[in-house]
Amino acid sequence: MPSYTVTVATGSQWFAGTDDYVYITLVGTEGCSERTLLDKPLYNDFERGAIDSYDVKVGEHLGDVVLVKIEKKKYWMQDDWYCRYVTIKTPCGDYVEFPCFRWLVDDKEVVLRDGRAFLPQDDKTSIVKQHRQKELDQRRKTYRWKEWQPGFPLSIDANKHRDLPRDIQFDSEKGVDFILNYSKAIENLCVNSFMNMFQSSWSDFADFEKIFVRIKNTISEYVMEHWKEDFMFGYQFLNGCNPVLICKCTKLPDKFPVTNEMVSVSLERDLTLEQEIKAGNIFIADYDMLEGINANPTDPYTQQYLAAPMCLLYKNLRNKILPIAIQLGQDPDENPIFLPTDGQYDWLLAKIWVRSADFQHHQNVTHLLRTHLMTEVFGIAMFRQLPAVHPAFKLLIPHIRFTIAINTKAREQLICECGIFDKANATGGGGHIQLVQKAMKTLTFRSFCFPDMIKSRGMDSTEELPTYFYRDDGYKVWEATKSFVSDVIRIYYTSDERVQEDEEIQAFVKDVCSFGMQDFDHCEFPKSLKTRDELIEYLTVIIFTASSQHAAVNFGQLYLGMYPDEHFIEKPVKDAMGKFRKELAEITRSIKRRNEEKKLPYYNMSPDKIPNSVAV
C-alpha cells in the first residue's frame, strides 16, 4: 500500500498552535486519499513552532499531488491554528511543497496548491482551474471595498480590527493599541508634566527643549543645538521626514511677490533674484494645500490655527539650502513677507509656522494618504483579484503585511472622531479629512514613480543639489527594486502578449483604478497593462511605496529583501531574491561610507532601515 509522508509546520508566533483535530486530504491527478486525521499517540501535535510528520496511506498511487485539503475541527473549544506549510514526500521519494501561511479558524478548511507560481493561462486541468476560481470567489466575498470618507481612496469593509479576516490581523505580539502606545511614548519622552502645554501656549522656547531631555544620541543632540538656524531649517526640506515638497523655482508666483530688494542681502553670487532663478539656485515650498483647511475646534478652551505658507529657499555657495523669504498665507494682501533681516524672533516664528504646516502635510498627505491608504488599495485589490498561486501575489504579499490591519486600527483609534488626531493635532476635528480629500484631487499614478516624482519638481540634477540624499538613495533603491521585479516577472511572462492574456493581472489593475481610486479621471491610474515593462513599473511602484517611500517618512521592522515566508519555491526566483539582497547590501554599504564623516547622516533610505511593508 503506497504511503505519503506529510510534514506540517506550525507558525512560531504567539498562540499559533492548536489542540483541535487536524485532517488532511491529498488530491492527485489520478485520485484522492481518504480524509486522514493527523495525530500521533501520546504526542502533543501542532504546538507553536513545531514541525510534525505523519504517514498517509492510500490504496493506489495518486499521480501528481496537485492539491492538499486541510481541515480543523473543534476538540474542546475553538482553537485557531497558523499553518506555515505542508510538504509531501511521495512514494517515489519526491518532495512537493505547499505554502500556506494562513490561519485556520473555527471549523473551516483551506485548500492549497503546490508552491510553484502559475499564470491563469497556464492552468490546464479542470481541477486546478476550479480551485483557482473558487479561491477568488471566496476572497471577493471576504475582502470588500468600503468608502470610509467621501473623496478618500476606498478601504476595507471593517469597522474594527477584530472584524478583519484573521489572516490580515496583527499577530498577538504585533497587536497595536494607539492609545497605549501614545501614552507610553509620552512617558518615555518625560513630557507628562508638559502635556497641558500642548493644549495651551508655551511661555518660553526652553519648554520645547525640555521635551527632548530623554533623547540622547549624536543626531538629536546636533539637531537640538542647531534647530533655530537657517541651514538646519533648509536641510529638512531635502532630507527631513517630508522631502517631497520642495521644488525648483522657475518663476515666482504672483501670489508671492518677493522682490530683489527684499532678498539681495541673502544672495551670495552678485546676481539679482531673477538671475539666481535662471541659474537654478532658487527653490520654493508651497503649502497651498492647507489653504481653507479648518483648524482643530475640538477644545473649546484652546484656539488652534493653521497656516498655508510659502517659503523661498536659496542654494548658497556652499550648496546649503537657506530660507530667504516666508509668507504665511496665500494672499499677499493679507500676509506680509518675513525675511532673515527681520527681528530674531519674528523670523524664528515664521520658520516655526512653516514647520507646523510641513508637519500637517507630512502626516496627512505624504504619510497617511500616499503610503498607508494607497498601499491598502493595492492590498485589497491583490486579495480580491490575484490567487495565492499567481506570481504577482507571491511577489506583493510580503509588502502588504499588516498594512490593512494598521490602517483599520488608525480609523478605529487615530483619525476617527474623538481619536488621537483630535487630541494632539492642529488638523484634528475634521481638518485632516479635508486635507486628504483635497490632496486626492491632485494625486496621480505618475507621482508614485520615484524618478518621475523627483523630475516633476525639478530636483533631479545631482550637480545642482549634491546633498539631496533622499533623491540619491531613493534612485538606487528604486532601480534595485525594479531590477528585482523585472527578474521575477520575466520568468513567468516571456512576452508582452502573456501580460495581455493574463485576465487576473488585468482585473487587479482595473480593481485598483475603478474601485480603489473610484475611477477619478485626474488620477490617471492605468486600467490595463499591455507590456512587461508596464507591469514591472506598476509592481515596482507598489513595492517601493509600501517599503522604501514609507521608510523615508517613517520606520518599520521587517526589512527590505527579507522574505521569511517562502511563497516562491522556484530556484530562479530564489536566485533573483539573492541578487536583490546583494544589491541592497551594496547600497547599504555605500550609504554608510557616505555618512561616516557627516554630522547629519541620512539613513532613511538605507535598505537595512527599510521595512518590507507599511506596518507602523
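Parameters at a glance
- Residues numbered from 1 in each chain as written.
- Predicted model: local features only at pLDDT ≥ 70, side-chain atom pairs only at ≥ 80, totals over all residues.
- Heavy atoms only, no water.
- Helix = DSSP H or I, 4+ residues; strand = E, 2+ residues; numbered from the N terminus.
- Rg over C-alpha atoms; globule rule 2.2 N^0.38 Å.
- Buried < 20%, exposed > 50% of the residue type's maximum accessible area, 1.4 Å probe, protein only.
- Contact = heavy atoms within 4.5 Å.
- Areas by Shrake-Rupley, 256 points an atom, 1.4 Å probe, with all protein chains shown as cover.
- Lys, Arg positive; Asp, Glu negative; His and termini not counted.
- Charge placed at Lys NZ, Arg CZ, Asp CG, Glu CD.
- Phe/Tyr/Trp six-rings, centres within 6.5 Å; stacked < 30°, edge-to-face > 60°.
- Lys NZ or Arg CZ within 6 Å of the ring centre and 35° of its normal.
- UniProt positions renumbered as here; feature names shortened; annotations may be inferred.
- 1 Å grid on protein atoms, 1.4 Å probe; cavity = no way out; pocket = protein on both sides within 12 Å on 5 of 7 lines; lining within 4 Å.
- Points joined across faces, edges and corners; volume = space filled by probe spheres on them.
- Pairing = 2+ DSSP bridges.
- Polar contact = N/O pair within 3.5 Å; in protein donor to acceptor, adjacent residues only side chain to side chain.
- Axes fitted to C-alpha atoms, helices over the stretch in contact; angles between N-to-C directions.
- Parallel < 35°, antiparallel > 145°, perpendicular 65-115°, else oblique.
- Left-handed = near helix turned anticlockwise from the far one by under 90°.
- Nonpolar A, V, L, I, M, F, W, Y, C, P; charged D, E, K, R; others polar.
- Salt bridge = Lys/Arg side-chain N within 4 Å of Asp/Glu carboxyl O.

Asker: For this particular structure, what's the right way to read the overall build of the protein chain?
Answerer: Helix and strand counts for the protein chain stand at 19 helices and 15 strands. Expected size for 616 residues packed as a compact globule is a radius of gyration near 25 Å; at 27 Å, the protein chain falls within 12% of this value. Projected onto the principal axes, the alpha-carbon positions of the protein chain cover approximately 95 × 55 × 45 Å. Each of the 616 residues in the protein chain was classed as buried or not, and the buried ones make up 53%. Partitioning the intrachain contacts of the protein chain with sequence separation of at least 6 by distance along the chain shows that 72% fall at a separation of at least 24. Roughly 28100 Å² of accessible area belongs to the protein chain as shown, and the carbon and sulfur atoms make up 51% of that amount. Side chains of the protein chain give 75 positive and 89 negative charges; the mean places of these two sets differ by 2 Å.

Asker: Could you clarify how one ought to interpret the packing of aromatic side chains in this entry?
Answerer: Within a pair of aromatic rings, the relevant descriptors are the distance that separates the centres and the angle that separates the planes. One pass over the full model with this rule turns up 20 aromatic pairs. Between the aromatic rings of Tyr 468 and Tyr 470, the centroid separation amounts to 5.9 Å while the plane-to-plane angle is 45 degrees, which identifies the pairing as tilted. Among the aromatic side chains, those forming a connected cluster through ring pairs are Phe 378, Phe 445, Phe 448, Phe 508, Phe 525 and Tyr 538. Sitting above the plane of the Tyr 43 ring, Lys 40 keeps its charged end 4.3 Å from the centroid. One residue, Arg 355, lies across the ring of Phe 233, its end atom 4.8 Å from the ring centre.

Asker: Teacher, can you tell me more about the UniProt feature "site: Essential for stabilizing binding to COTL1" (unreviewed entry) in the protein chain here?
Answerer: Per the UniProt record, the feature "site: Essential for stabilizing binding to COTL1" (unreviewed entry) sits at Trp 103. As for its placement among the helices and strands, Trp 103 is situated in strand β7 (residues 95–104). Take Trp 103: its relative accessible area is 6%, and that puts it in the buried class. If we ignore the near neighbours within four places in the chain, the residues touching Trp 103 are Gln 13, Trp 14, Phe 15, Ala 16, Asp 80, Trp 81, Tyr 82, Arg 166, Asp 167 and Asp 171.

Asker: How do you make sense of empty space enclosed by the protein when you look at a structure like this?
Answerer: The method is simple in principle: a probe with the dimensions of a water molecule rolls over the atoms, and the space it marks as empty is what remains. Enumeration according to the criterion identifies two cavities of 30 Å³ or more in this entry. Of the volumes computed, that of the second largest cavity is approximately 40 Å³. Lining the second largest cavity are Trp 148, Phe 152, Pro 153, Leu 154, Ser 155, Leu 373, Glu 376, Arg 411 and Ile 415.

Asker: Sorry if this is basic, but what is going on with the pairing of strand β6 (residues 81–89) here?
Answerer: Every regular strand shows the same layout, with side chains that alternate between the two sheet faces. Here strand β1 (residues 3–10) runs beside β6; their pairing, made up of six bridges, is antiparallel. Paired with Ala 9 across the two strands is Tyr 85, which belongs to β6. Summarising the sheet, β6 and β7 pair through eight bridges and their orientation is antiparallel. Bridge pairing in β7 places Thr 87 opposite Glu 97. The turn joining β6 and β7, which pair antiparallel and follow one another in sequence, is formed by five residues; a positive phi near 95 degrees is taken by Gly 93.

Asker: Can you help me understand the environment of Asn 242 in this one?
Answerer: For Asn 242, the location among the structural elements is in the loop between α6 (230–239) and β11 (247–248). With relative accessibility at 1%, the residue Asn 242 sits in the buried group. With 228 residues separating them in the primary sequence, Asn 242 and Tyr 470 have C-alpha atoms 9.9 Å apart. When residues no more than four places from it in sequence are discounted, the contact partners of Asn 242 are Phe 237, Asp 358, His 361, His 362 and Thr 366. A polar side-chain atom of Asn 242 sits 3.3 Å from a polar atom in the side chain of His 361.

Asker: Just checking my understanding: could you explain the sheet that holds β7 for this structure?
Answerer: As a general point, the strands of a sheet are linked pairwise by backbone hydrogen bonds and lie either parallel or antiparallel. Strand order across the open sheet formed by four strands is β4-β1-β6-β7, with antiparallel pairing between neighbours. For this open sheet the edge positions go to β4 (51–57) and β7, each flanked by a neighbour on one side alone. Neighbouring strand axes in the sheet, compared pairwise and without regard to direction, differ in orientation by 20 degrees on average.

Asker: Please clarify how the packing of helix α9 (residues 344–385) against helix α17 (residues 503–516) should be interpreted in this entry.
Answerer: In a packed pair of helices, the relevant descriptors are the angle between the two axes and the axis-to-axis distance. The geometry of α9 relative to α17 is characterised by a closest axis approach of 9 Å and an angle of 135 degrees between their N-to-C directions. It follows that α9 is oblique to α17 by the angle criterion. Between α9 and α17 lies a crossing of right-handed hand. In this structure, α9 uses Val 377, Phe 378, Ala 381, Met 382, Arg 384 and Gln 385 to contact α17, whose residues at the interface are Glu 504, Ala 507, Phe 508, Asp 511, Val 512 and Gly 516. Residue composition of the contact of α9 with α17, grouped by class: seven nonpolar, two polar and three charged.

Asker: What's the story with the pattern of salt bridges in this structure? I'm lost.
Answerer: Any two side chains of opposite charge can pair if their charged atoms end up close together. Enumeration according to the criterion identifies 31 salt bridges in this entry. Note that Arg 166 and Asp 80 form a salt bridge whose closest N and O atoms lie 3.9 Å from each other. In this pair, Arg 166 is assigned in the loop between β10 (155–156) and α2 (178–188) and Asp 80 in the loop between β5 (65–73) and β6, connecting sequence segments 86 residues apart. Classification of Arg 166 as buried rests on a relative accessible area of 18%. By relative accessible area, Asp 80 is classed as partly exposed at 26%. With its nearest N and O atoms 2.8 Å apart, the salt bridge here joins Glu 376 to Arg 411. Taken as a pair, Glu 376 in helix α9 and Arg 411 in helix α11 (residues 403–414) lie far apart in primary sequence, 35 residues in all. Both residues of the pair, Glu 376 and Arg 411, belong to the buried class. Each of Arg 113, Asp 123, Arg 132 and Glu 504 takes part in a single network of salt bridges with overlapping partners.

Asker: Can you walk me through the side chain of Asp 45 in this structure?
Answerer: Checked against the element boundaries, Asp 45 lands in the loop between β3 (36–37) and β4. For the buried Asp 45, which has no salt bridge, the nearest side chain bearing the opposite charge is Lys 40, at an N-O separation of 5.2 Å. Separated by 2.7 Å, the side chains of Asp 45 and Tyr 54 make a polar contact. Leave out the neighbours within four places in its chain, and Asp 45 touches Thr 18, Leu 38, Asp 39, Lys 40, Asp 52 and Tyr 54.

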